[in-house]
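Secondary and tertiary structure notes
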Amino acid sequence: MRKLIVAGNWKMNMTLQDGIKLAAEVNEFFKKNPTEVEVIIAPSYIHLPDVGRSLSSISLSAQNSASESAGAFTGEVSAEMIKSTGAQYVILGHSERRTYYGEDDNLLRRKIILVLEQGLKPIFCCGEILAEREAGNHFNVVKNQVETSLFDLSADELDNVVIAYEPVWAIGTGVTASPDQAQEMHAYIREIIRAKFEETAAENMTILYGGSCKPSNARELFKNPDVDGGLIGGAALKADDFIAIIQSF
Ligand code: PGA
């Protein structure tokens, strides 16, 4: 069965106190109003343990993890450290990591393996920039990202991976991919998975949409057969908006 997921990526926002408050609000809501959707929040590394402590009905994710397992890598945070906070997921390959910190698909392949080794689930982000879409290259770009980072995995390993399609031109811009554009790319990604792995792997793969998803457009996006939820940035910073997006299912 394919899991439906809505994940809130808080990025570099929220003090510890504000984060605990927001997490508690969302957690409380879903404790009282259980949902079939898996709800995930991704605060900053340093807030993971404290925010995690207040959660009982929703899951916890990191926004990144190191490309090495341990040792002399000043300032880095390993998958094992993330695991020890109680988190279950790790967002990897977000376009902001790719653009500002030079992360490429080979590096991401290493990170994915380290995360899986710890029993954590990677949320692997892929997506094209505007120039690539305008040049009609978006399918190739996404195919390359998925192939390079995920095709060395076994079907069992892939079973623990979530894919997030995030067209870079839609992230934080207020411009959302149309429901048709999202469905088209999601179906294409599922097809790539189907061609390499078994039918079950493709059918079970949760593929999230990300990029200016908000309460007013979530329903139309989530209605598509290949859109299994969302990765939410800005709208995840307000409990009401985030909850409304999840309730759009
Ligand atoms: P946004 O960000 O919802 O603010 O566009 C999405 C993301 O970066 O994951």
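Above: the structure in question.
Residues numbered from 1 in each chain as written. Predicted model: local features only at pLDDT ≥ 70, side-chain atom pairs only at ≥ 80, totals over all residues. Heavy atoms only, no water.

**Here's the deal with the overall build of the protein**
When its secondary structure is counted, the protein shows 12 helices and 8 strands. Relative to a compact globule of 249 residues, whose C-alpha radius of gyration would be 18 Å, the protein shows 17 Å and is just as compact. The proportion of buried residues among the 249 residues of the protein is 52%. Surface exposure of the protein reaches about 11,100 Å², of which carbon and sulfur atoms provide 50%. In the protein, the 23 positive side-chain charges and the 34 negative ones have mean positions that sit 4 Å from each other. (Helix = DSSP H or I, 4+ residues; strand = E, 2+ residues; numbered from the N terminus. Rg over C-alpha atoms; globule rule 2.2 N^0.38 Å. Buried < 20%, exposed > 50% of the residue type's maximum accessible area, 1.4 Å probe, protein only. Areas by Shrake-Rupley, 256 points an atom, 1.4 Å probe, with all protein chains shown as cover. Lys, Arg positive; Asp, Glu negative; His and termini not counted. Charge placed at Lys NZ, Arg CZ, Asp CG, Glu CD.)

**Things to note about the environment of Met 1**
Relative to the assigned elements, Met 1 resides in the segment before strand 1 (5-9). Once the C-alpha coordinates of Met 1 and Asp 226 are considered, the two residues, 225 residues apart in sequence, prove to be 13 Å apart.

**Some thoughts on the site of the ligand**
In the vicinity of the ligand there are 13 residues, among which Lys 11, His 94, Glu 166, Gly 172 and Ser 212 approach most closely. Lys 11 places a polar side-chain atom, nitrogen or oxygen, 2.7 Å from an oxygen atom of the ligand. Residue Ser 212 places a main-chain N or O atom 2.7 Å away from an oxygen atom belonging to the ligand. Here the ligand, which alone exposes 280 Å², has 94% of that area covered by the protein. (Near = heavy atom within 4 Å. Polar contact = N/O pair within 3.5 Å; in protein donor to acceptor, adjacent residues only side chain to side chain.)

**As for the environment of Ile 46**
Relative to the elements of secondary structure, Ile 46 occurs in the loop between strand 2 (38-42) and helix 2 (48-53). For the pair formed by Ile 46 and Ser 57, sequence separation is 11 residues and the distance between their alpha carbons is 21 Å.

**Things to note about the sheet that holds strand 5 (residues 121-126)**
Spatial ordering of the closed barrel is given by 1-2-3-4-5-6-7-8, a layout of 8 strands whose pairing is parallel. The mean inter-strand angle of the sheet, taken between neighbouring strand axes irrespective of direction, is 25°. The sheet contact formed by strand 3 (residues 59-62) and strand 4 (residues 89-92) spans 2 bridges and is parallel. Bridge assignment links Ala 62 to a residue of strand 4, and that residue is Val 90. Relative to the sheet, helix 7 (residues 138-150) contacts strand 5 and strand 6 (162-165), its axis offset from that of strand 5 by approximately 150°. (Pairing = 2+ DSSP bridges. Axes fitted to C-alpha atoms, helices over the stretch in contact; angles between N-to-C directions. Contact = heavy atoms within 4.5 Å.)

**Section: a negative patch on the surface**
A cluster of acidic side chains, namely Glu 117, Asp 156, Glu 157, Asp 159 and Glu 198, defines a negative patch on the protein surface. For Glu 157, a relative accessible area of 33% gives the class partly exposed. (Patch = residues over 30% accessible without salt bridge, like charges linked within 9 Å, V, L, I, M, F, W, Y side chains within 5 Å. Salt bridge = Lys/Arg side-chain N within 4 Å of Asp/Glu carboxyl O.)

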